[in-house]
Amino acid sequence: MTHSISFCSLKGGAGKTTVALNSAYSFGRRGARTLLVDLDPQGAIGLSLDGVGGRPGLHACLRDDSPPLSGVVSTRMRELHLLPVGDVPVLDVDAFAVELREKDIVRRILAASQGDYDVVLFDTPAGIGGATRLALECTDNAIVVAQTEPLALRSLPRLLELMARLRDAGNACTLLGVVGTMTSFRDPVLLASLEEVWALYQNEVFDTSIPRDPIFLQASRAGVPLGLLSRRPPAVAAVFDKLVAEIEERLGVEEGGADDGPIRLVD
Ligand SMILES: Nc1ncnc2c1ncn2[C@@H]1O[C@H](COP(=O)(O)OP(=O)(O)OP(=O)(O)O)[C@@H](O)[C@H]1O
Ligand SMILES: [Mg+2]
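Asks: Break down the pattern of salt bridges for me, citing the residues and quoting the values.
Replies: A full pass over the atoms with the stated rule returns 12 salt bridges. Residue R78 is joined to E79 by a salt bridge in which the shortest nitrogen-to-oxygen separation is 3.5 Å. The shortest N-O distance in the salt bridge between K103 and E99 comes to 3.2 Å. The class of K103 is partly exposed, set by a relative accessible area of 23%. One continuous salt-bridge network, built from bridges that share partners, spans D65, E99 and K103.

This is the structure in structure tokens:
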């Protein structure tokens, strides 16, 4: 079974692309065949990863009516593939969102992914319209990325309301959880914001939150996931393994198979 997950936030710059990209890397490392799809016409995945910008991607696929996975890029990690958005001309951004829906591209990506991928992750643009709404209508699960600062938190209910309305209308997308980002236990305002998320959304909030750390800027400058920033990845890279373990648990992914068990260290 292929699991599909949209990463969404109403407010821009909340950390969606960062969480989607680093989670995709962790999914791959944990052995899940993973496809990360960029639905943001800004092309955030292409901008974040060295070697991906300039590829044709989803935009060219729509233009040429080619198969939905024709723009998939494989990576040096066998389990991780990317579907960048490609170059969406500035004047075509609105038309692109309309075309995504008209050509039913998210559903077609998911149909084409069955059997080949264990998990398909969608990075979406900020907001609740266009590609984000489409992703919420077509994927089975959503993760809400919440920057833990007062203004960002005020926009959370609107996104959750959209999901509830879509569910009322028969949509199957489940809220897997809310992940707090750019948290800090040292800054009293940010800490209070994190506590507010916990208090308001309780069990829906993942135990793992993503700390605010300048290393993220270094990783984006280098165009790599955190885990590939250096031979010894920074400590904070491990939070995505924790987050993905939680996501797998909420998806009901079985740990290993029937014959799974401890692996001997020494023969
Ligand atoms: N935990 C973090 N600590 C410090 N900086 C971070 C963290 N997460 C993300 N950033 C930085 O914040 C900026 C915005 O992050 P990102 O692009 O992931 O947000 P986004 O929600 O995808 O934005 P958009 O709405 O534009 O798509 C980037 O420069 C990123 O490197
Ligand atoms: Mg983004």
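Asks: Which residues make up the sheet that holds strand β8 (residues 210-211), and what are the values?
Replies: Two pairing modes exist for strands in a sheet, parallel and antiparallel, and in both the strands are linked by backbone hydrogen bonds. Taken in spatial order, the eight strands of this open sheet run β3-β4-β2-β5-β1-β6-β7-β8, and their pairing is mixed. With one partner strand each, in any of the chains shown, β3 (73-74) and β8 form the two edges of the open sheet. With five bridges joining them, strand β1 (residues 3-8) and strand β5 (residues 119-123) adopt parallel strand pairing. Looking at the pairing, S4 lines up with V120 of β5.

Asks: With reference to specific residues and values, describe the packing of helix α5 (residues 105-113) against helix α6 (residues 130-138).
Replies: One can describe the packing of α5 onto α6 by two numbers: an axis separation of 9 Å at closest approach and a directional angle of 45°. Put simply, α5 runs oblique to α6. At the point where α5 passes α6, the crossing takes the right-handed sense. On α6, the residues that touch V106, R107 and L110 of α5 are L134, E137 and C138.

Criteria and cut-off values
Residues numbered from 1 in each chain as written. Chains lettered and ligands numbered in written order. Predicted model: local features only at pLDDT ≥ 70, side-chain atom pairs only at ≥ 80, totals over all residues. Heavy atoms only, no water. Salt bridge = Lys/Arg side-chain N within 4 Å of Asp/Glu carboxyl O. Buried < 20%, exposed > 50% of the residue type's maximum accessible area, 1.4 Å probe, protein only. Pairing = 2+ DSSP bridges. Helix = DSSP H or I, 4+ residues; strand = E, 2+ residues; numbered from the N terminus. Axes fitted to C-alpha atoms, helices over the stretch in contact; angles between N-to-C directions. Parallel < 35°, antiparallel > 145°, perpendicular 65-115°, else oblique. Left-handed = near helix turned anticlockwise from the far one by under 90°. Contact = heavy atoms within 4.5 Å.

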